[in-house]
Amino acid sequence: MKLQGKSIVFEAKHQAVVREISFPEVTEDSIVVKTKYSGISFGTDMSLYEEQAFPSSNLSYPLVPSYEEVGEVIYVGKDAPWKNGDEPFKVGDRVMANEVRYFPGLCAAWGGSAEYAVKNKKTAPFPADEVVKIPDNVSYEEAVVAYLGAVALKGVKMVGITPGDTVMVVGCGCVGISAMQLARIYGAKRILAADINANRLDYARKFADECILLDGKDDMAKVTSANYGNQADVVIECSGNPDAVSPLADYVRPGGKVHLQGQYRSPITIVEYQRWNCSDLTITCSIATNAGCKGEVLKYISEGRFDAKLWDEVVPVEQAPETYAKVEADRYKYLKFIFKWEE
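Each chain carries its own residue numbering, running from 1 in the written order of its sequence. In keeping with the predicted nature of the model, local features appear solely for residues at pLDDT of at least 70, side-chain atom pairs appear and are counted solely at 80 or more, and the whole-chain, interface and lining totals rest on all residues. Values reported for side chains reflect all heavy atoms of the structure, with hydrogen atoms and water molecules removed beforehand.

Asks: Explain the overall build of the protein to me, and be specific about the residues and the numbers.
Replies: Working definition: helices are DSSP H or I runs of at least four residues, strands are E runs of at least two. Numbering for both runs from the N terminus. When helices and strands are counted, the protein shows 8 helices and 19 strands. Atoms counted for the radius of gyration: C-alpha only. Globule rule: 2.2 Å times residue count to the power 0.38. The C-alpha radius of gyration of the protein comes to 20 Å, within 12% of the 20 Å expected for a compact globule of 343 residues. Overall size of the protein, expressed as C-alpha extent along the three principal axes, is 65 × 45 × 35 Å. Any residue under 20% of the maximum accessible area for its type is buried, any over 50% is exposed, and the rest in between are partly exposed; the area is computed with a 1.4 Å probe on protein chains only. The buried share of the protein, reckoned over its 343 residues, is 56%. Put simply, of all contacts in the protein between residues at least 6 apart along the chain, 73% involve residues at least 24 apart. The Shrake-Rupley method, run with a 1.4 Å probe sphere, supplies the accessible areas, and residue values consider only the shown protein chains as cover. Roughly 14,200 Å² of accessible area belongs to the protein as shown, and the carbon and sulfur atoms make up 49% of that amount. We call two residues in contact whenever any of their non-hydrogen atoms come within 4.5 Å of each other.

Asks: Explain the nonpolar core residue by residue, including any values.
Replies: Think of a nonpolar core as a cluster: buried Ala, Val, Leu, Ile, Met, Phe, Trp, Tyr and Cys residues, connected wherever their side-chain atoms sit within 4.5 Å. Counting residues in each nonpolar core, the largest one holds 51 residues, and the members touching the most others are V70, M96, V167, M180, I236, L298 and I301. For this core, the secondary structure elements donating two or more residues are α2 (140-159), β12 (166-170), α3 (174-185), β13 (190-195), α4 (198-204), β15 (232-237) and α7 (293-302). With sequence-adjacent residues up to four places away left out, I236 is seen in contact with V156, V159, V167, M168, V169, V170, H259 and Q261. Counting 25 residues, the second-largest nonpolar core is a separate cluster that includes I21, I31, L106 and Y116.

Asks: Which residues make up the packing of α2 against α3, and what values go with them?
Replies: Interhelical geometry of α2 versus α3 gives an angle of 55 degrees and a closest axis separation of 8 Å. Between α2 and α3, the angle falls in the class oblique. Along this stretch, α2 crosses α3, giving a crossing that reads as right-handed. Across the interface between the two elements, L148, G149, A152, L153 and V156 from α2 touch C174, V175, S178, A179, L182 and A183 from α3. What counts as an axis is a line fitted to C-alpha atoms, over the stretch in contact for a helix, and the angles between N-to-C directions run from 0 to 180 degrees. Roughly parallel means an angle under 35 degrees; roughly antiparallel, over 145; roughly perpendicular, 65 to 115; everything else is oblique. By definition, turning the near helix anticlockwise from the far helix through less than a right angle yields a left-handed crossing, and turning it clockwise yields a right-handed one.

Asks: Could you give an account of α3, with specific residues and numbers?
Replies: Here, expected helix span is obtained from the residue count minus one, scaled by 1.5 Å. Helix length check: α3, at 12 residues, gives a terminal C-alpha distance of 17 Å against a target of 16 Å (1.5 Å per residue), a fit within 8%. Most of α3 is tucked away, with 10 of its 12 residues classed as buried. Of all the residues in α3, the buried ones are C174, V175, G176, I177, S178, A179, M180, Q181, L182 and A183. Trailing α3 by a residue or two, G187 shows a phi angle of about 115 degrees, which is positive.

Asks: Account for the pairing of strand β14 (residues 210-213), naming residues and giving values.
Replies: One ladder, built from 4 bridges, connects β13 with β14; its direction is parallel. Within β14, the residue paired with A194 across the bridge is I212. Note on handedness: a crossover is taken as right-handed if, strands pointing away from the viewer, the path from the first strand over the helix to the second is clockwise. Viewed along the sheet, the connection from β13 through α4 into β14 turns out right-handed. Pairing between strands is defined by DSSP: at least two bridges between the two strands are required.

Asks: So what about the packing of aromatic side chains? Which residues, and what values?
Replies: Under the pairing criterion, centres of Phe, Tyr and Trp rings, with the six-membered ring standing for Trp, must be within 6.5 Å; the plane angle then separates stacked pairs below 30 degrees from edge-to-face pairs above 60, leaving the rest tilted. One pass over the structure, following the stated rule, counts 10 aromatic pairs. Taking 5.6 Å as the distance between ring centres and 65 degrees as the angle between the ring planes, the aromatic pair formed by F10 and Y49 counts as edge-to-face. Of this pair, F10 sits in strand β1 (residues 4-12) while Y49 is found in helix α1 (residues 44-49), placing the two residues 39 residues apart along the sequence. Judged by its relative accessible area of 0%, F10 falls in the buried class. Three or more aromatic residues joined by ring pairs make a cluster, and in this case those are F10, Y49, Y324 and F339. Here, a charge over a ring is recorded when the distance from Lys NZ or Arg CZ to the ring centre is within 6 Å and its angle to the ring normal is within 35 degrees. Above the face of the Y140 ring, R94 is positioned so that its terminal group lies 4.6 Å from the ring centre. One residue, K119, lies across the ring of W82, its end atom 5.9 Å from the ring centre.

Asks: Would you mind going over the environment of Y186 in detail, with residue names and values included?
Replies: In this fold, Y186 is placed in the loop between α3 and β13. For the pair Y186 and G111, spaced 75 residues apart in sequence, the C-alpha to C-alpha distance is 31 Å.

Asks: So what's going on with the pairing of β13? Which residues, and what values?
Replies: Counting buried positions along β13 gives 6 out of 6 residues, so the element sits mostly inside the fold. Of the two faces of β13, the one carrying R190, L192 and A194 and the one carrying I191, A193 and D195 are both buried. With 5 bridges joining them, β12 and β13 adopt parallel strand pairing. Note that in β13 the partner of V169 across the bridge is A193.

Asks: Tell me about unusual backbone geometry, residues and numbers included.
Replies: P62 follows Y61 through a cis peptide bond whose omega is -5 degrees. Inspection of the secondary structure assignment puts P62 in the loop between α1 and β4 (63-64).

Right, dumping it as structure tokens:
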């Protein structure tokens, strides 16, 4: 079976279109998902739109962007490798589809902004490419947001949070706000939110104990003032700003931990390395997510422990070209846009 349908395609720098494409062949090891909603990642997708991620990657135009894709199962092959627990998926299941890594004639830049997700061993070969059922009490829109929650969860697990820790999150986009909530679930006693943009701090206020505007003026003193005179035990950097990394050593206590969670568009330089080295810090970094993380975040949403209502607006997919341009013009004004694929 061969499918044709619409997709968002980045034809070139700053050129997003919605057009007809061909989809991968549907085989007996395939699950096919009809997309209901997808999202814009302000980190990865916008770097592709602005042609800033290519030098160190194998990506090229034209490409199908996004990894935030949810929809309804319309086909399950007899050899499909994924299951819903112990049961096979069935037609009509609501699922997170996410990564598709192959399209005929197009670069699959995670391929989530397309009318169908054809998931099989060729197009989704990695454990984290799994199909995951959405709980009945979780909306499609919340499940779109859950993917970046799963990205944050991988980092929270990797850095290791001890119950009672003060965790400082730098960068208050969807990944940062997700990290705040997950750090709390994993035992953090106190959450500090920090950003260079006051508007982003407004988004973060309901999730943090203290919000800190980083403007280069006595930032370390602001951190200790917000934490009873102490530095943080753990700092998670989610802004994606390379210039944000070097100052992190001032915000974390000696023997503490720093996790780099952002998608950085240029090299990171750590100035005065002795400052880091003499503090005995543990530094970790992560990208993407792990198998099981999507299901865990969906569980927290279903239980009311994770607030995934982290979007500004849901717009028809036909408005994709102007929406990408809108985000580029003033990305810090927004948190997330979600595309609706059907009226």
